[in-house]
Amino acid sequence: MLSSGSFIRPSIRSHPLRHHAARSLATSVFTKTSTPTAKAEECLNNIAKYNQYTNAFVDLTQPDHIRSQAAEATRRWESGMAKSAVDGAVMGYKMNFCTSDLRTTCSSAMLENFKAPYTATAIELLEKAGVIMGGKINMDEFGMGSHNVHSHAGPARNPFEIIGRSQEETMELEARSAGGSSGGSAAAVASNMCFAALGSDTGGSVRLPASYCGVVGFKPSYGRISRWGLVAYASSLDTVGTLTKTVDDAQTIYDIMAKEDPKDSTCLTERQRKAIADTLTPIDLTKFKDQDVKTKPLLGVKVGIPQEFNVAELAPATKDLWRRGIQVLKDAGAVVIPVSLPNTKLAVGAYFTLGTAEASSNLQRYDGIRYGHQSDKNDEKDALYSHTRMEGFGKEVKRRILLGTYVLTSGSFDNFFLRAQKIRQMVRNDFDRVFSRRNAITGSCGNLVEDFENDNSSTTRVHALLTPVAVSTAPKLKDVIGDQIDPVDAFLDDIFTIPASLAGIPSMSVPFGTCTKDGFPMGLQVMSQYGDEEMVFRVARAIEEKGKGMCSKQ
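Parameters at a glance
- Residues numbered from 1 in each chain as written.
- Predicted model: local features only at pLDDT ≥ 70, side-chain atom pairs only at ≥ 80, totals over all residues.
- Heavy atoms only, no water.
- UniProt positions renumbered as here; feature names shortened; annotations may be inferred.
- 1 Å grid on protein atoms, 1.4 Å probe; cavity = no way out; pocket = protein on both sides within 12 Å on 5 of 7 lines; lining within 4 Å.
- Helix = DSSP H or I, 4+ residues; strand = E, 2+ residues; numbered from the N terminus.
- Buried < 20%, exposed > 50% of the residue type's maximum accessible area, 1.4 Å probe, protein only.
- Contact = heavy atoms within 4.5 Å.
- Pairing = 2+ DSSP bridges.
- Axes fitted to C-alpha atoms, helices over the stretch in contact; angles between N-to-C directions.
- Core = buried A, V, L, I, M, F, W, Y, C linked by side-chain atoms within 4.5 Å.
- Salt bridge = Lys/Arg side-chain N within 4 Å of Asp/Glu carboxyl O.
- Polar contact = N/O pair within 3.5 Å; in protein donor to acceptor, adjacent residues only side chain to side chain.

A. A look at the UniProt feature "active site" (unreviewed entry) in the protein. As annotated in UniProt, the feature "active site" (unreviewed entry) corresponds to Lys94, Ser181 and Ser205 in the numbering used here. A maximum C-alpha distance of 11.2 Å among these annotated residues, which run over 112 residues, shows that they cluster at one spot. Residues from the annotated list that form part of the lining of the largest cavity: Lys94, Ser181 and Ser205. You can see Ser181 is positioned in the loop between helix H4 (167-171) and helix H5 (183-190). Assessed through its relative accessible area of 1%, Ser181 is described here as buried. In this structure, Ser181 is in contact with Lys94, Asn138, Met139, Asp140, Gly143, Met144, Gly145, Asn148, Ser200 and Ser205, ignoring residues within four places of it in sequence.

B. Region of the structure containing the environment of Pro297. Assignment of secondary structure puts Pro297 in the loop between helix H9 (290-295) and strand E7 (302-306). Overall, Pro297 belongs to the partly exposed group, its relative accessible area being 46%. Counting along the chain gives 35 residues from Pro297 to Ala332, while the straight-line C-alpha distance between them is 5.8 Å. Once you skip the residues sitting within four places of it in the chain, Pro297 turns out to touch Ala332 and Arg538.

C. How the structure looks around the sheet that holds strand E2 (residues 90-94). The 11 strands lie next to each other as E1-E3-E2-E4-E6-E5-E10-E11-E9-E7-E8, forming an open sheet whose pairing is mixed. One side of each edge strand has no neighbouring strand; the edge strands of this open sheet are strand E1 (57-60) and strand E8 (335-339). Mean inter-strand twist for the sheet, computed between neighbouring axes without regard to direction, equals 30 degrees. Running over the sheet, H5 touches E1, E2, strand E3 (132-137), strand E4 (196-201) and strand E6 (239-244) and is turned about 160 degrees from E4. Contacts from helix H19 (residues 533-547) reach strand E5 (216-219), strand E9 (464-468), strand E10 (507-514) and strand E11 (521-528) within the one sheet, and its direction differs from that of E10 by about 5 degrees.

D. How the structure looks around the nonpolar core. Phe142, Leu198, Leu466 and Met508 are the most contacted members of the largest nonpolar core, which has 115 residues in total. Of all hydrophobic cores here, the second largest spans 35 residues; its members include Ala40, Ile132, Ala188 and Ala210.

E. Geometry of the pattern of salt bridges. Using the criterion set out here, one finds 18 salt bridges in the structure. A salt bridge links Arg541 to Asp248; the nearest nitrogen and oxygen atoms lie 2.7 Å apart. Placement of Arg541 in helix H19 and of Asp248 in helix H7 (residues 247-257) is noted, with a sequence separation of 293 residues between them. Under the relative-accessibility criterion, Arg541 is labelled partly exposed at 21%. Notably, a salt bridge pairs Asp320 with Arg324, separated by 3.3 Å at the nearest N-O pair. In this pair, Asp320 and Arg324 both sit in helix H10 (residues 316-331), 4 residues apart, roughly one turn of the helix. A single salt-bridge network, built from bridges that share partners, covers Glu41, Asp64 and Arg67.

F. View of the environment of Asp379. Take Asp379: it is sitting in the loop between helix H11 (347-362) and helix H12 (383-392). Here the alpha-carbon distance between Asp379 and Asp493, two residues 114 residues apart in the chain, equals 42 Å.

G. Fine view of H7. Counting buried positions over the 11 residues of H7 gives 9, a clear majority of the element. Listing the buried residues of H7 in full gives Val247, Asp249, Ala250, Gln251, Thr252, Ile253, Tyr254, Ile256 and Met257. Two or three places before Asp249, at the start of H7, stands the capping residue Thr246, its side-chain oxygen 3.0 Å from that residue's backbone nitrogen.

Set out below in structure tokens:
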């Protein structure tokens, strides 16, 4: 097992929350014997055991500070004054979240010594809820990568095989990828170095590492959580995500952070959140027997299986996992329907065109003048800017800046950037056409609400989608690192996660099993209509319940 003392939430029926509940499902992650003080000490012990191998935490909060904050949280729980269900829990934050206490390097030499003058909104909300910052976590430089190997701090390693082994034994293992770009966050949670971690998801950067490491990775709808204080890679795609051990933990943390923020113009307002809530009408269960309603949690739910996700690159073990997941949903009462998302095949090209273009624009600010790295070379006019960026950026970041700059040139803008924007809308329309609930922000079927209301195919529309997360289990690090690796191959690692990012819809990777060939974990992906996070949680719980124990290292 990963650890006997992991932060697994007890059943709400046997351990109701005594002091505070953000919503009816939230129960404390602590008990009378498992206090914030005890859990914080466990996290510190696991950091000492596993961080050298995983290279997950780059900067750590002083242990004495963590202990003192945990002791204060324990006293609040004992006196009935806990701030939230996670008051006193230790969390790690990806290196691209601004914090005023620790560096924000984005795992880049460009920001190696940068400390932000403010703290990200998402982290501020967590701190108000009593969460303790354990430290800042490794990532691909500026979020650009699928395996956490493009990092100034070195690659993050998958911890799945190391739990329970001595440090000498772990160093003899053949290292596996932790996924990226939030690989460090997934590795930290999987090895119980923290209760949960924040990541950022641009095209799968939370969900892919979650699948590789056997944890839950959640990307909410774009705009649900404020991006204020998240260093930008591709602004129209970047989303604050979470990595946790359970679906309930993901929902608890999401509920704390999903608030309006006037500092972020892309964050949903309260009026928009209410408009979304008004479209999410409950499923009618009156036609079902009471006994079935009690025993089948997905009764009345329709789940779609996109045919375009059955690609040639899909490993046989992953296909088998997908089939078993479909059967689990049927057993839980769901109706499973094949659906078509015809523009999925265009998503990867559109994503990297848009993502690199936005990265080229966002990363112009790193000029060596205002903040960050500044080159000592200044041998000719205007050389400071070029020297600074050559020294400060890694190869992958430079590659994407060059590509993004090219697609934004006057000769390429119409052929590449505008065409990619059109494909993005086509992908969004595909999702709107298969979901039974209307997109409250844009309207369904390409903003034509009447198409949705007059549609006669409502019986074939679905509430959620189920797909694989990755084509296979975590690859060996030696196969994804080095100059001989084709960058296009790395782009294809995100083929299942990119469509949801382009459409901005909620998506979650849920651990469901291990590969019979190599024993490493694999996950399934649940997606739903924009703003319908509750449906994602509902379907994911059914998968999680059947997958319990299947992703634990024996």
